[in-house]
Amino acid sequence: MTTVTETPARTAAVEIQDISKVFGHGKGAVTAIDGMSVTVGTGEFLAIVGASGCGKSTLLSLVAGLEQPTTGSVDAGGHKVAMMFQEAALFPWLTVGANIEVPMKVNKVPRAERRKRVAELLDLVRLTGFDRKRPHELSGGMRQRVALARALAQDADVLLMDEPFGALDAMTRDILHDELERIWREKELTILFVTHNVREAVRLGDRVVLLSSRPGRVIDAFPVEGERPRRIDSVQIAEQAATITDRLREEVSRHA
Amino acid sequence: MPDTDVRDDRRRVRGLDALELQPRRGTGERSAAETAGRIWAATWPKLAAVALVLLAWQAVVWSGWRTEFVFPGPDRVLPTLFREITTPEFWEAVQVTMRRALTGFALALVVGVIIGIAVSQFKPLRVAIGSLITGLQTMPSIVWFPFAMLLYGISESAIMFVIVLGAAPSIAGGLTSGIDYVSPSLLRAGQVMGLRGVQRYTVLIIPAALPMFVTGLKQGWAFAWRSLMAGELLVIINQQNSIGWALSQARQLNDAERLLSYIIIVLVVGIVIDVFFNWADRALRRRWGITGS
Ligand SMILES: Nc1ncnc2c1ncn2[C@@H]1O[C@H](COP(=O)(O)OP(=O)(O)O)[C@@H](O)[C@H]1O
Ligand SMILES: [Mg+2]
């Protein structure tokens, strides 16, 4: 029951091999993921979609090493992995600049170097001059950009994003798509982007992986066509999204 | 071409940020008159409350409920109070009492923090001690004095013992609930960034727990202050001057004016410290971005 999805002509950044994850024991055990294999190419932008409860967040936790798979293996090949969530989860008592410094403090980066990197990262997410602000003074979209800067401060080249724009309004999300795409290119990142929004997945992904629910498995993978930057309201995206949505509906109705 | 694209992008992001940021209220310089107005608006209800209390007090005196000998009005107590606070004995008494309060509170702080950390770290300890802490908080501290005097004799240690028993549970409780209620999303963010060991505490857990810890400190102080006043009335050490001793002296000499003066002093000290804790609490909450005030 394993669907192996290949990305040709790229070396793998993350190899997920036949993993399963069971929470709890005995009667109360929940199989979140069962026999999932995904290979993520270096520099690939992989979008992962699926209905809620299909194990998307669990998959990212396994890749980040926050949880261990029950069976199977996750190999990030020595790449450093950073992660972002739907909530920015910035430390409210620290300024924006100090928040971005936290992962560098963990990595024992010297103070002067930290300051320099903070300025660069703020520039990258277009928040130059905001380093003395506090998180609660910023809008949701700005907080997510600070969270992105903080994730990049980990010096990771694999970025895991768990519905990062799920709580934002459409206009902000649209602009952040452009921003994320630009940063992905500039920093040559490998991104695993989880969303339940199919259009968003098609807008951003090189490839869209579709997961089944309970237990989570890969049921299909769609390479996305179209020149970047794509427009979320373009016909091409609408058509591809429709195909994927149909497949997703089919999957959801199996649970009726 | 790509150059203008980049500039367009940047402008779009800037525009969005500008729209999303709420225009700040009252950023402009405040005039002196405005500042004075604000201070007056904050002060007059307090002055009115004081005036009201004095008036009610005076009214009771005028009603002839008790003779002025045992229940003098503010017209007699306030001059006594002002005379009293110009004497060196008064300041000596305040100094002794405040020194005891601060030492006792510091001891309670150390004990409370140690217990709080231990309880939040070891699950079995939590089950065993957790409800005990809550139980201790409901005990009237005066109950401990006979036992304290048995243990330490008539000494300052007896008072300290009761202060610690009164204040440490609140401090420990504030710390443990502060640590317990650190938001899971912050903990997860810390984990993802690789915060571990001591750094996890200094960078994440302690700052996150600070607002609740300060609430615990404030409550602990209230218990410490009450225990101390009870202690100074019960445990009189070699006639050493203190606020409690002055109170019992005044009663023995039937000096109602002095007695009421010292009661006012106790009230004022309590209010001053409470204002300080409220200020710290509010400053923290503002900095932490916890809204609601
Ligand atoms: N820590 C956990 N303990 C028990 N069950 C869990 C835990 N984490 C997730 N699950 C279960 O695993 C399944 C997948 O969860 P999740 O990965 O959060 O899904 P998604 O992110 O796709 O909505 C759900 O049924 C959820 O209830
Ligand atoms: Mg999820």
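The coordinates are above.
Before going into details, it helps to say that this report is about the structure given with it. Treat the numbers as computed from the prediction; the structure is a model and nothing was measured.

**Some remarks on the pattern of salt bridges**
If the charged atoms of two oppositely charged side chains come close together, the side chains can form a pair. As enumerated under the stated definition, the model contains 30 salt bridges over all chains in all. Residues Glu-181 of chain A and Arg-228 of chain A are paired through a salt bridge, measuring 2.6 Å at the closest nitrogen-oxygen approach. Taken together, the residues span a long stretch of sequence, with Glu-181 of chain A in helix H5 (residues 170–187) and Arg-228 of chain A in the loop between strand S9 (218–223) and helix H7 (235–253) at a distance of 47 residues. Measuring nitrogen to oxygen at the nearest pair gives 3.6 Å for the salt bridge that ties Asp-281 of chain B to Arg-285 of chain B. Of this pair, Asp-281 of chain B and Arg-285 of chain B both sit in helix H11 (residues 256–288), four residues apart, roughly one helical turn. Of the residues examined, Arg-285 of chain B reaches a relative accessible area of 27% and is grouped as partly exposed. Several salt bridges share partner residues, and in doing so they unite Asp-178, Glu-181, Arg-203, Asp-206 and Arg-228 of chain A together with Asp-9 and Arg-12 of chain B into one network.

**What about the sheet that holds strand S1 (residues 12–23) of chain A?**
Residues and elements named next belong to chain A. Strand order in this open sheet of three strands is S2-S1-S4, and the pairing throughout is antiparallel. The open sheet is flanked by strand S2 (30–41) and strand S4 (71–75), the only strands paired with a single partner. Strand-to-strand twist of the sheet, defined as the mean angle between neighbouring strand axes without regard to direction, takes the value 15°. Lying on the sheet, helix H1 (residues 56–64) is in contact with S1, S2 and S4; it crosses S1 at an angle near 120°.

**Thoughts on the packing of helix H9 (residues 197–234) of chain B against helix H10 (residues 243–252) of chain B**
Residue and element names in this part refer to chain B. Contact geometry of H9 with H10 gives a least axis separation of 8 Å together with a crossing angle of 50°. When the axes of H9 and H10 are compared, the pair comes out oblique. H10 is crossed by H9, and the crossing has right-handed handedness. Across from Met-229, Glu-232 and Leu-233 in H9, the residues of H10 making contact are Ile-243, Gly-244, Trp-245, Leu-247 and Ser-248. Partitioning the contact of H9 with H10 into residue classes produces five nonpolar, two polar and one charged.

The rules behind each value
- Residues numbered from 1 in each chain as written.
- Chains lettered and ligands numbered in written order.
- Predicted model: local features only at pLDDT ≥ 70, side-chain atom pairs only at ≥ 80, totals over all residues.
- Heavy atoms only, no water.
- Salt bridge = Lys/Arg side-chain N within 4 Å of Asp/Glu carboxyl O.
- Helix = DSSP H or I, 4+ residues; strand = E, 2+ residues; numbered from the N terminus.
- Buried < 20%, exposed > 50% of the residue type's maximum accessible area, 1.4 Å probe, protein only.
- Pairing = 2+ DSSP bridges.
- Axes fitted to C-alpha atoms, helices over the stretch in contact; angles between N-to-C directions.
- Contact = heavy atoms within 4.5 Å.
- Parallel < 35°, antiparallel > 145°, perpendicular 65-115°, else oblique.
- Left-handed = near helix turned anticlockwise from the far one by under 90°.
- Nonpolar A, V, L, I, M, F, W, Y, C, P; charged D, E, K, R; others polar.

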